[in-house]
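One-letter residues, chain by chain:
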Amino acid sequence: MNYVTAQNTYDVIVIGSGPAGRRAAVQSAKLGKSVLVVEKNRRVGGVSLHTGTIPSKTLRETVLNLTGWRERGFYGRSYRVKKDIRAVDLLSRQHKTLDHEVEVLEHQFQRNGVTTIYGTARFVDTGRVEVMTAQGSIGTYRAERFVIAVGTRPFRPDYVPFNQVTVLDTDDIIQIDHIPRSMAIIGAGVIGVEYASIFSALDVQVTLIEPRTSILDFVDSEIIAEFTHEMRDRGVAMRLGSTVEQITLSGMRPIVQIAGGRSVHADMLLFAAGRVGATSPLNLEAIGLAVDHRGRVTVDSNTFQTSVPHIYAVGDVIGFPSLASTSMEQGRIAACHAFGVPPPPAPEYFPYGIYAVPEISTVGMSEAEVAGRGIAYECGIARFRETSRGQIMGIQSGMMKMIFSIKTGRLLGCHILGEGATELIHIGQAVINLKGTIDFFLENTFNYPTLAEAYKIAALDAWNRMAMTSRAMA
Ligand SMILES: Cc1cc2nc3c(=O)[nH]c(=O)nc-3n(C[C@H](O)[C@H](O)[C@H](O)COP(=O)(O)OP(=O)(O)OC[C@H]3O[C@@H](n4cnc5c(N)ncnc54)[C@H](O)[C@@H]3O)c2cc1C
């Protein structure tokens, strides 16, 4: 391997050690290249590991376990595993998970001979970066190629009186020292919806405020209608079509003034309305790169090259879909391209997981997209309570919807709401990306009892409807 420690010239310098940077670095090392990762934080892992994906999912799992959420179908809404849940109960599991994940990542870098330095990188020119450590020392490093994987930070507009105690952004929320009785959440994107449903499962009175009149528009509307109904049914106030005019504090209590005269009073406010690219310290002007109004870099969507061909950008800093899962793939593809090993084209569809309570996961086209393309289609629906596994687990809600082409039988979209959705979706993803048809579900045997049996039920439902359609047309 072309690798020497304590050098200042590398084949590639990766800026940022989140999922995108991590995968770019490891892939480059596996191709025999010398790799330097520059990380601004004290520990590697990025937003994904320290404030985003892993902490929020660990919080969710802890809440579901301590509240006994999954057992309430049997034992009633008042069932609790732990009666008096405190913030410290939520945080202790997080620290353990996080330490373990950091260790795994550090070991992965070590095994692959990736050098890591801690400090903030800025470009000097198109071949050099300067890295300033927390102690203020500066070093200059050269490389033939660069990967910008700096991710994002929470958007913090001036009109929000953040105080990290009662008015928080999505980085602060995982550090709370008490569980509030009521919480207002501004922004019903994926993160806002996830936290709204998690805190509601803790019996916090949640009000979700969103200027648009609908939520999660990229998900099939039937799934969202069902999800919204569940959220409202358990007491989440959803103030859609509500523009925030002003946020004030009465003592420490936030008050959100909504256009039209309504206001929301709560013990805690979470501002979850967007993130901005962490590009400002990078001195991108020095290399002739511009960013958009949210600090994001534009790239070629196949190669992830910026307008400076040997400088790549991957992960959240390039915008949609802003997922840890897709960021990793982008990092890998960029590294392969940079070193002349172009990978095969990425499959057309990737899954989207929304770890709300209940989970949502989706792959392929929504019904509106299929209809918009003028494809003749039929849908099949299965309810989890129709499966024996669902009965055993006491599941009362949850559904799967599949959309098939009538002409070819191809599976076009698969959308799931409920327990295990983010795991189950991968069966649908495989069938879609392998261009499979309804026959796969009709002809194959599924383990019994499983929630995956819902695939068979939904396929049979679609097949019956298709048969009815063809009989009606005959
Ligand atoms: C609350 C929340 C929940 C989420 N849940 C999910 C989920 O369930 N599933 C999912 O797939 N995705 C989820 N995401 C999104 C996921 O976290 C991001 O898509 C992912 O972290 C992006 O990876 P990245 O490598 O692009 O950037 P990041 O993870 O943001 O890492 C960027 C790194 O670059 C470093 N850096 C920045 N500037 C510099 C500099 N100048 N010099 C050196 N280092 C620098 C930062 O310190 C950071 O460590 C969630 C995000 C949030 C906020």
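Residues numbered from 1 in each chain as written. Predicted model: local features only at pLDDT ≥ 70, side-chain atom pairs only at ≥ 80, totals over all residues. Heavy atoms only, no water.

## With respect to the pairing of strand 9 (residues 182-186)
For a regular strand, side chains alternate in direction, first toward one face of the sheet and then toward the other.
Logical step 1: Counting buried residues in strand 9 gives five out of five residues, a clear majority hidden from the surface.
Logical step 2: Every second residue of strand 9 is oriented toward a common face, with S182, A184 and I186 on one face and M183 and I185 on the other, all of them buried.
Logical step 3: Summarising the sheet, strand 9 and strand 10 (residues 205-210) pair through five bridges and their orientation is parallel. By the bridge assignment for strand 10, I185 is matched with L208. (Buried < 20%, exposed > 50% of the residue type's maximum accessible area, 1.4 Å probe, protein only. Helix = DSSP H or I, 4+ residues; strand = E, 2+ residues; numbered from the N terminus. Pairing = 2+ DSSP bridges.)

## Things to note about the site of the ligand
Logical step 1: Lining the immediate environment of the ligand, one finds 35 residues, of which E39, K57, D316, L323 and A324 sit closest.
Logical step 2: Interatomic distance of 2.6 Å between a side-chain N/O atom of E39 and an oxygen atom of the ligand.
Logical step 3: At 2.9 Å from a nitrogen atom of the ligand is found a main-chain nitrogen or oxygen belonging to A121.
Logical step 4: Those elements giving two or more residues to the shell around the ligand turn out to be helix 1 (19-30), strand 2 (35-39), helix 2 (46-50), helix 3 (53-67), strand 4 (120-125) and helix 8 (324-338).
Logical step 5: Within the shell around the ligand, the residues separate by chemical class into 13 nonpolar, 17 polar and five charged. (Near = heavy atom within 4 Å. Polar contact = N/O pair within 3.5 Å; in protein donor to acceptor, adjacent residues only side chain to side chain. Nonpolar A, V, L, I, M, F, W, Y, C, P; charged D, E, K, R; others polar.)

## Examining the sheet that holds strand 9
Logical step 1: Spatial strand order, 8-15-9-10-11: five strands in an open sheet with parallel pairing. The sheet is open, and its two borders are formed by strand 8 (167-169) and strand 11 (237-240), each paired with just one other strand. Neighbour-to-neighbour, the strand axes of this sheet turn through a mean angle of 20°, independent of strand direction.
Logical step 2: Set on the sheet, helix 6 (residues 190-201) makes contact with strand 9, strand 10 and strand 15 (268-271); between it and strand 10 the angle comes to about 165°. (Axes fitted to C-alpha atoms, helices over the stretch in contact; angles between N-to-C directions. Contact = heavy atoms within 4.5 Å.)

## Some words on the environment of C336
Logical step 1: For C336, the location among the structural elements is in helix 8.
Logical step 2: Classification of C336 as buried rests on a relative accessible area of 6%.
Logical step 3: Separated by 263 residues in the primary sequence, C336 and G73 have C-alpha atoms spaced 48 Å apart.
Logical step 4: Apart from residues lying up to four places away in sequence, C336 is in contact with Q27, L31, V341, P342 and P343.

## A look at the packing of aromatic side chains
Logical step 1: Scanning the entire structure with this criterion turns up 13 aromatic pairs.
Logical step 2: For the ring pair F155 and F271, a centre distance of 6.5 Å and an interplane angle of 50° mean the geometry is tilted. Taken together, the positions of F155 in the loop between strand 7 (152-154) and strand 8 and F271 in strand 15 put the pair 116 residues apart, joining distant regions of the chain.
Logical step 3: The buried category is assigned to F271, whose relative accessible area is 3%.
Logical step 4: Look at Y195 and F199: their rings are 6.3 Å apart centre to centre, the planes differ by 40°, and that puts the pair in the tilted class. With a gap of four residues between them, Y195 and F199 both fall in helix 6, about one helical turn apart. (Phe/Tyr/Trp six-rings, centres within 6.5 Å; stacked < 30°, edge-to-face > 60°.)

## Overview of the sheet that holds strand 13 (residues 253-258)
Logical step 1: Here we have three strands laid out as an open sheet, ordered 12-13-14, and antiparallel in their pairing. Each edge of the sheet is formed by a strand with only one pairing partner; in this case those strands are strand 12 (244-250) and strand 14 (263-265). With direction set aside, neighbouring strand axes in the sheet form an average angle of 20°.
Logical step 2: Here strand 12 pairs with strand 13 via six bridges, running antiparallel. When the sheet's bridge partners are listed, V244 is paired in strand 13 with I258.

## Some remarks on the packing of helix 1 against helix 5 (residues 87-111)
Logical step 1: Two elements in contact, helix 1 and helix 5, have axes separated by 10 Å at closest approach and are oriented at 25°. Taken together, the axes of helix 1 and helix 5 are roughly parallel relative to one another. In the crossing of helix 1 with helix 5, the sense of the turn from one axis to the other is left-handed. On helix 5, the residues touching R22, A25 and V26 of helix 1 are V104, L105, Q108 and F109. (Parallel < 35°, antiparallel > 145°, perpendicular 65-115°, else oblique. Left-handed = near helix turned anticlockwise from the far one by under 90°.)

## Overview of the nonpolar core
Logical step 1: Among the nonpolar cores identified, the biggest contains 49 residues, and I13, F123 and I148 are the most heavily contacted of them.
Logical step 2: Once residues within four sequence positions are removed from consideration, I13 is found in contact with L36, V38, V129, Y141, R142, A143, R145, F146 and V147.
Logical step 3: By size, the runner-up hydrophobic cluster in this structure holds 45 residues, among which are L64, I224, F227 and M268. (Core = buried A, V, L, I, M, F, W, Y, C linked by side-chain atoms within 4.5 Å.)

Function cannot be inferred from these measures alone, as they are strictly geometric.
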